[in-house]
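Fold and contact review
Take a look at the letters that make up each chain.
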Amino acid sequence: MAGAVEVRDGAPPMVRTQPPSPARSAVGAVLRLSTEHLARARVASPRLDSELILAHVLGLSRIDLYLQFDRPLLESELQPIRDLLRRRAAGCPVAYLVGAREFHSLNFTVSPAVLIPRPESELLVDIGAALVGEVRTRVLELGCGSGCVAVALARSAPSARVDLVDLSPEAVAIAARNAEALGVEDRVEVLCGNWVDPVRARGPYDLVVSNPPYVTTAEWDGLDPGVRDFEPRLALDGGPDGLTSYRELLAVLPQVVRPGSVVLLEGDPRRLGGVDELARAAWPAAETSLHRDLSGRDRVLEVLVR
Ligand code: GLN
């Protein structure tokens, strides 16, 4: 929990030295003071977040911060650093503050219009890329958000042609930007609409991936404020039983797949059984299996359409 109670409204400690003495406002010293400030505000990874904020403001990589440890910072550099530290201490996720998050070793642009990429979703990329061979080349992602899953998949599988769909026009713009920045825009198309609506005439797809909203509404209410108050509810709230989006998705997905297609659905470990039932209702002869994430919990349902 981002315990906002401990956060003081005032500026981080380094600004008390006004103007900052050269020794206190060198990169290394600012990093240390920033880390202490975020730690006091109960931020979970104060050192990493301080590095990300400093690197972002200074236009450096995190390694460069250490190579320029003794570089004195200007007041014009300290001001935006203080501002971002204050917002981080107040709970805003660091990915939104710096506009980026690494996923599958790639740098993705993010904004508050999209869910911040989660490490467990890399599983969708890895399973998907392993399935894309010479024959499996048409890929669809539904509810793409930042586009991290489908764009990373396109990067890992050069033979794949990938369509992405999201209901949010802001998300579509970000996903298209990520596809371009990561050099796969010639094989990737991002479309705006509800589930398969924009791609009905473009199927059938060989592989469909989705990480739909799967938190129950009650769980959403109780989420860490850093998630609940900042990340898009549209991407998280899966309705009373967390399965609303799978019901919608699996009701229309048969329109864009064929026998032999594979569907990969990320989900909550406790509810993938329910997702499995919905998939079997859509395709009674389907073969299904579960994949575990890095923490050993069931995370992805694989459906072989029959
Ligand atoms: N894994 C995300 C979380 O726990 C949920 C993602 C989703 O609902 N698709 O915050």
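Residues numbered from 1 in each chain as written. Predicted model: local features only at pLDDT ≥ 70, side-chain atom pairs only at ≥ 80, totals over all residues. Heavy atoms only, no water.

**Observations concerning the packing of aromatic side chains**
Summed over all chains, the structure comprises 2 aromatic pairs. Note on Y66 and F69: the rings are 5.7 Å apart at their centroids and 20° apart in plane angle, and the pair reads as stacked. Note on Y66: relative accessible area 35%, which makes it partly exposed. Here F103 and F108 contribute two aromatic rings whose centre-to-centre distance is 6.1 Å and whose plane-to-plane angle is 75°, an arrangement assigned as edge-to-face. Its relative accessible area of 1% is what places F103 among the buried residues. Against the face of W220 rests R233, its NZ or CZ located 3.8 Å from the ring centre. (Phe/Tyr/Trp six-rings, centres within 6.5 Å; stacked < 30°, edge-to-face > 60°. Buried < 20%, exposed > 50% of the residue type's maximum accessible area, 1.4 Å probe, protein only. Lys NZ or Arg CZ within 6 Å of the ring centre and 35° of its normal.)

**A short note on the nonpolar core**
One broad trend across soluble globular proteins is that nonpolar side chains are buried collectively. Ranked by internal contacts, the top residues of the largest apolar core, which has 35 residues, are F108, V162, L164, V188, L207 and L264. Here the element with the most residues in this core is helix α7 (residues 148–156); it accounts for 7 residues. The residues touching L207, leaving out its near neighbours within four places in the chain, are G128, L131, V132, R138, V139, L140, L153, V262 and L264. If you look at the next biggest cluster of nonpolar residues, it comprises 29 residues, including A41, L54, V98 and V110. (Core = buried A, V, L, I, M, F, W, Y, C linked by side-chain atoms within 4.5 Å. Helix = DSSP H or I, 4+ residues; strand = E, 2+ residues; numbered from the N terminus. Contact = heavy atoms within 4.5 Å.)

**Description of the site of the ligand**
Residues in close proximity to the ligand include L115, R118, E120, N211, P212, P213, Y214, V215, A235 and L236, which together make up its full environment. Interatomic distance of 2.9 Å between a backbone N/O atom of Y214 and an oxygen atom of the ligand. The protein chains hide 85% of the 300 Å² of surface that the ligand would expose on its own. Residues belonging to the shell around the ligand are distributed by class as follows: 7 nonpolar, 1 polar and 2 charged. (Near = heavy atom within 4 Å. Polar contact = N/O pair within 3.5 Å; in protein donor to acceptor, adjacent residues only side chain to side chain. Areas by Shrake-Rupley, 256 points an atom, 1.4 Å probe, with all protein chains shown as cover. Nonpolar A, V, L, I, M, F, W, Y, C, P; charged D, E, K, R; others polar.)

**Points about the side chain of S121**
Secondary-structure assignment places S121 in the loop between β2 (106–109) and α6 (122–131). Not counting the four nearest positions on each side in its chain, S121 is found in contact with F103, V149, N211 and E266.

**Remarks on the pattern of salt bridges**
It is possible for side chains bearing opposite charge to pair when their charged atoms get close. Inspection of the entire model under this criterion finds 23 salt bridges. Between D197 and R200 there is a salt bridge; the shortest N-O distance is 2.9 Å. Judged by relative accessible area, which is 42%, D197 ranks as partly exposed. One salt-bridge network, in which partners are shared between bridges, spans R138, D163, E189 and R202. (Salt bridge = Lys/Arg side-chain N within 4 Å of Asp/Glu carboxyl O.)

**Details of the confidence of the model for the chain**
The predicted model of the chain averages 92 in pLDDT, with 92% of residues at 70 or higher. Low confidence marks residues 1–11, where pLDDT is under 50. Its contacts with residues over four positions away, or in another chain, come to 20 contacts. In the predicted structure, residues 13–22 sits below a pLDDT of 50 and forms 19 contacts with residues beyond four places in sequence or in another chain. (pLDDT = per-residue confidence, 0-100.)

**Considerations on the packing of helix α1 (residues 27–40) against helix α4 (residues 75–89)**
Where α1 contacts α4, the axes come no closer than 10 Å and their chain directions differ by 20°. As the angle between them shows, α1 and α4 are arranged roughly parallel. Between α1 and α4 lies a crossing of right-handed hand. Between α1 and α4, the contacting residues are V30, S34, H37 and L38 on the first element and L78, I81, L85, R88 and A89 on the second. Of the residues that constitute the contact of α1 with α4, the class distribution is 6 nonpolar, 2 polar and 1 charged. (Axes fitted to C-alpha atoms, helices over the stretch in contact; angles between N-to-C directions. Parallel < 35°, antiparallel > 145°, perpendicular 65-115°, else oblique. Left-handed = near helix turned anticlockwise from the far one by under 90°.)

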